[in-house]
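# Report on the structure
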Amino acid sequence: PFAIRQGLANLHRPNNQTFTIILSLGLGVFLILTLLLVQRLLLQQLDSDRFAANGNLFLIDVQPDQQAGVESILKELQCQVIQTAPMVSMRLTEMKGRDVVELAKDPKVDIPGWTLRRDFRCTYRATLDDSETLLSGKWVPRVDDWDTDQPAPVSIEKGIAEDLKLTLGDQVVMDVQGLLLTLQIASIREVDWGTMGLNFFFVFPEGILEEALGFHVYTTFVEDPKLSGHLQTRLAKDYANITVIDLTLVVEALEGILEKVALAIRFMAGFTIFTGILILLASLISGRGERMKQMALLRTLGASNRQIWRILCSEYAALGILASVAGAVLATLALWPLATQFFDTDFDANPLTILVTIVMSGGATLALGLLLSRSVTRTSPLQVIRQE
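Residues numbered from 1 in each chain as written. Predicted model: local features only at pLDDT ≥ 70, side-chain atom pairs only at ≥ 80, totals over all residues. Heavy atoms only, no water.

For the rest of this paragraph, the subject is the overall build of the protein chain. From N to C terminus, the protein chain includes 14 helices and 11 strands. The buried share of the protein chain, reckoned over its 388 residues, is 41%. Pairs at least 24 apart in sequence give 82% of the contacts found in the protein chain among residues at least 6 apart. When the accessible area of the protein chain is evaluated, it comes to approximately 21000 Å², of which 60% is carbon and sulfur surface. (Helix = DSSP H or I, 4+ residues; strand = E, 2+ residues; numbered from the N terminus. Buried < 20%, exposed > 50% of the residue type's maximum accessible area, 1.4 Å probe, protein only. Contact = heavy atoms within 4.5 Å. Areas by Shrake-Rupley, 256 points an atom, 1.4 Å probe, with all protein chains shown as cover.)

Let us now look at empty space enclosed by the protein. Where empty space is left can be seen by rolling a probe of water-molecule size over the atoms. Applying the stated criterion across every chain, the model contains two cavities of 30 Å³ or more. Computed from the structure, the largest cavity encloses a volume of approximately 50 Å³. Surrounding the largest cavity, Lys-138, Trp-139, Val-140, Pro-153, Val-154, Ser-155, Ala-186, Ser-187, Val-203, Phe-204 and Pro-205 form its lining. Listed by contribution, the elements that provide at least two residues to the lining of the largest cavity are strand E6 (152-157), strand E8 (179-191) and strand E9 (202-204). (1 Å grid on protein atoms, 1.4 Å probe; cavity = no way out; pocket = protein on both sides within 12 Å on 5 of 7 lines; lining within 4 Å. Points joined across faces, edges and corners; volume = space filled by probe spheres on them.)

Turning our attention to unusual backbone geometry. The bulk of non-glycine residues show a negative phi, and the bulk of peptide bonds are trans. Positioned with a positive phi, Asp-61 is a non-glycine residue whose angle comes to about 75°. Along the chain, the position of Asp-61 falls in strand E1 (residues 57-62). Not every positive phi belongs to a glycine, and Asp-145 is a case in point at roughly 55°. Looking at the element boundaries, Asp-145 is found in the loop between strand E5 (132-137) and E6.

It is worth spelling out the packing of aromatic side chains at this point. In this structure the tally under the stated criterion is two aromatic pairs. Here the aromatic rings of Phe-120 and Phe-202 are separated by 5.3 Å at their centres, their planes lie at 90°, and the arrangement is edge-to-face. Of this pair, Phe-120 sits in strand E4 (residues 119-124) while Phe-202 sits in strand E9; the two residues are 82 residues apart in sequence, bridging distant segments of the chain. Every member of this aromatic cluster is reached through a ring pair, and the members are Phe-120, Phe-201 and Phe-202. (Phe/Tyr/Trp six-rings, centres within 6.5 Å; stacked < 30°, edge-to-face > 60°.)

The subject of this paragraph is the side chain of Gln-66. Summarising the element assignment, Gln-66 is placed in the loop between E1 and helix H4 (67-76). Once you skip the residues sitting within four places of it in the chain, Gln-66 turns out to touch Asp-61, Tyr-239, Asn-241 and Ile-242.

Right, let's talk about the pairing of strand E10 (residues 215-220) for a bit. Burial analysis of E10 places six of its six residues in the buried class, which makes it a mostly covered element. Burial of the side chains of E10 extends over both faces: Phe-215, Val-217 and Thr-219 are buried on one face and His-216, Tyr-218 and Thr-220 on the other. Examined bridge by bridge, E1 and E10 share four bridges and lie antiparallel to one another. Within E10, the residue paired with Phe-58 across the bridge is Thr-219. (Pairing = 2+ DSSP bridges.)

Let us now look at the layout of surface pockets. Considering only enclosed or pocket space, the second largest pocket measures out at about 440 Å³ in volume. Put simply, the parts of the chain that give the lining of the second largest pocket at least two residues each are E1 and E4. Its residues assigned to classes, the lining of the second largest pocket comprises 12 nonpolar, two polar and two charged. (Nonpolar A, V, L, I, M, F, W, Y, C, P; charged D, E, K, R; others polar.)

With that settled, consider a nonpolar patch on the surface. A surface patch of nonpolar side chains, amounting to about 380 Å² of accessible area, comprises Ile-245, Val-250, Leu-254, Ile-257 and Val-261. A per-element tally of the nonpolar patch places helix H9 (residues 247-286) first, with four residues. Looking at where Val-250 falls in the secondary structure, it is placed in helix H9. (Patch = residues over 30% accessible without salt bridge, like charges linked within 9 Å, V, L, I, M, F, W, Y side chains within 5 Å. Salt bridge = Lys/Arg side-chain N within 4 Å of Asp/Glu carboxyl O.)

Once that is clear, we can look at the confidence of the model for the protein chain. Here the protein chain shows a mean pLDDT of 81. Residues at 70 or above account for 84%. When mean pLDDT is taken per element in the protein chain, E9 scores highest with 95 and helix H3 (residues 48-54) scores lowest with 57. (pLDDT = per-residue confidence, 0-100.)

Below, the discussion takes up the packing of H4 against helix H8 (residues 225-238). Between H4 and H8, the shortest axis-to-axis distance is 11 Å and the interhelical angle comes to 155°. Judged by the inter-axis angle, H4 sits roughly antiparallel to H8. H8 is crossed by H4, and the crossing has right-handed handedness. On the side of H4, the interface is formed by Val-70, Ile-73, Leu-74 and Glu-76, while H8 contributes Leu-231, Arg-234, Leu-235 and Asp-238. Of the residues contributing to the contact of H4 with H8, the split by class is five nonpolar, no polar and three charged. (Axes fitted to C-alpha atoms, helices over the stretch in contact; angles between N-to-C directions. Parallel < 35°, antiparallel > 145°, perpendicular 65-115°, else oblique. Left-handed = near helix turned anticlockwise from the far one by under 90°.)

A few words on the pairing of E4. Strand direction decides the pairing type here: strand E2 (residues 81-95) and E4, joined by four bridges, are antiparallel. Paired with Arg-91 across the bridge in E4 is Asp-119. The pairing of E4 with E9 spans two bridges and is classified as parallel. If you follow Thr-123 over to E9, its bridge partner there is Val-203.

The set of residues buried in helix H1 (residues 2-9) consists of Ala-3, Gln-6 and Gly-7. For H1, the angular spread of the buried residues around the axis is 100°, confining them to a single face. (Arc of directions from axis to C-beta.)

On to the side chain of Ser-228. Mapped onto the elements of the fold, Ser-228 is located in helix H8. Its relative accessible area of 5% is what places Ser-228 among the buried residues. With residues up to four places along the chain from it excluded, the contact list for Ser-228 reads Leu-57, Val-222 and Asp-246.

The following block contains the structure:
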């Protein structure tokens, strides 16, 4: 239709500032939409459904002779045991025939220092967990009649393998409570750390670590804060050595931090949009004379006020939609590396959030443009000609 064609043609009239307006408004939309999508992505990782599936209470340092008592308390309070795993602490001493202390001091070795100095808390089991995927190598479920002089086949997590520069067949030496144990990388696993379950860097087959001094970790889900407090009181009274970590409190603290960060970013994004609105106002004011002459010419040629308003609506709606779409495209492109590379989770751009942001931003631009163009139809063509 004529009105829409004329409105779109106004985007490239002489002395237009279309690019500047789209750039400034689009940047504000980009910042706000990126914030909303990332915030939604992070809050999904802290969703209560994840805790219901993987537990929100971690019971650490449960000794073998305490397992029956702890399980009895959990059963008495109707708290289901979601996961349990044995855990043995050990430290790296040698890697590929080189001493770890020597490796840490070597400036040519590109290995993060924390991976060489940390304590590795390892487990043993015969099967993969639901959060794990075997990438390469062979999974060894059990070793019978194992000799300490033989290298122990282990499965290593993909990320720590890349940090330590380890591949299939490489050997490392671990200090397990004073006993030097040679390990050979038999398989490499990918672990979904976002499940918040019991995940480990090194997993041994059964038949090797059973005699080592270690402890067990339990996970359970407790929705009622009072019941959680009662459970922790019982455990502290009967088993003072057990440490209970309540992830609900950790999540609440993280949500508080996210809200503060979001508030700061919203302020920056709002300031950017405010700057864009000022640029829009300046553009409308500076182009008012040109717009007045154009509308006076159209009215002289027989255009009605209704057609004039349709032209203006087309122009400002196109400006708002172009700026919003540009910002939405940039936000979506920015979300992909943030989700897959930085936060190590699935890419999920919520179409509803993007659509609502585009509609609101485009609507705000349209409303402001029409508000500042009220005098265009109130001024007669004769007055415009006299001013010239």
